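Spelled out, the chains give:
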Amino acid sequence: MIFLVIVTLIKGGNSDVSTDYPEFDFEGEPQPNIIQLGDGRFGVLNFDYLEIYEYDSDHNKVKKVKEISLDELNE
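Residues numbered from 1 in each chain as written. Predicted model: local features only at pLDDT ≥ 70, side-chain atom pairs only at ≥ 80, totals over all residues. Heavy atoms only, no water.

Draft legend 1. The arrangement of the sheet that holds strand E3 (residues 49–56) in detail. With respect to topology, four strands assemble into an open sheet ordered E1-E2-E3-E4, the strand pairing being antiparallel. Edge positions in the sheet fall to strand E1 (34–38) and strand E4 (61–69), since each of these pairs with one other strand and no more. Across the sheet, the mean angle from the axis of one strand to that of its neighbour is 25°, orientation sign disregarded. Relative to E3, strand E2 (residues 41–46) is paired through six bridges, and the arrangement is antiparallel. Bridged to Leu45 within E3 is Leu50. (Pairing = 2+ DSSP bridges. Helix = DSSP H or I, 4+ residues; strand = E, 2+ residues; numbered from the N terminus. Axes fitted to C-alpha atoms, helices over the stretch in contact; angles between N-to-C directions.)

What follows is the structure, given as structure tokens:
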């Protein structure tokens, strides 16, 4: 899944990405809790928190930037 996110971030833009997982080749369930934030950032909904990650193209790494409570976002 991280590989798909990185490829999407490298391509850039606001293009639509769809993924079709064959039943015999996929382990686990798709993760509907990933949110594109733009500028190389994406969020992962984790229970009552939104974890924000950023892709660093210079070092080809994904790093966690921030964790925000969903209650804070609603204020």
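Draft legend 2. Highlighting the pattern of salt bridges. Applying the stated criterion across every chain, the model contains three salt bridges. Measuring nitrogen to oxygen at the nearest pair gives 3.8 Å for the salt bridge that ties Glu51 to Lys64. A residue pair is termed long-range when its members are at least 10 positions apart, and Glu51 in strand E3 and Lys64 in strand E4 qualify at 13 residues. A relative accessible area of 43% means that Lys64 is categorised as partly exposed. In this structure, Lys64 and Glu67 form a salt bridge, with 2.9 Å as the shortest nitrogen-oxygen distance. Glu67 sits in the partly exposed class, given a relative accessible area of 40%. A network of salt bridges, in which partner residues are shared, links Glu51, Lys64 and Glu67. (Salt bridge = Lys/Arg side-chain N within 4 Å of Asp/Glu carboxyl O. Buried < 20%, exposed > 50% of the residue type's maximum accessible area, 1.4 Å probe, protein only.)

Draft legend 3. Quick peek at the side chain of Glu51. A residue is classified by how much of its surface remains accessible, and Glu51, at 12% relative accessible area, is buried. In this structure the side chain of Glu51 is engaged in a polar contact, spanning 3.3 Å, whose partner is the side chain of Asn46. Within the local environment of Glu51, its side chain forms a polar contact with the side chain of Tyr53, the two groups lying 3.0 Å apart. Setting aside its immediate chain neighbours within four residues, Glu51 contacts Phe42, Gly43, Val44, Asn46, Lys64, Lys66 and Glu67. (Polar contact = N/O pair within 3.5 Å; in protein donor to acceptor, adjacent residues only side chain to side chain. Contact = heavy atoms within 4.5 Å.)

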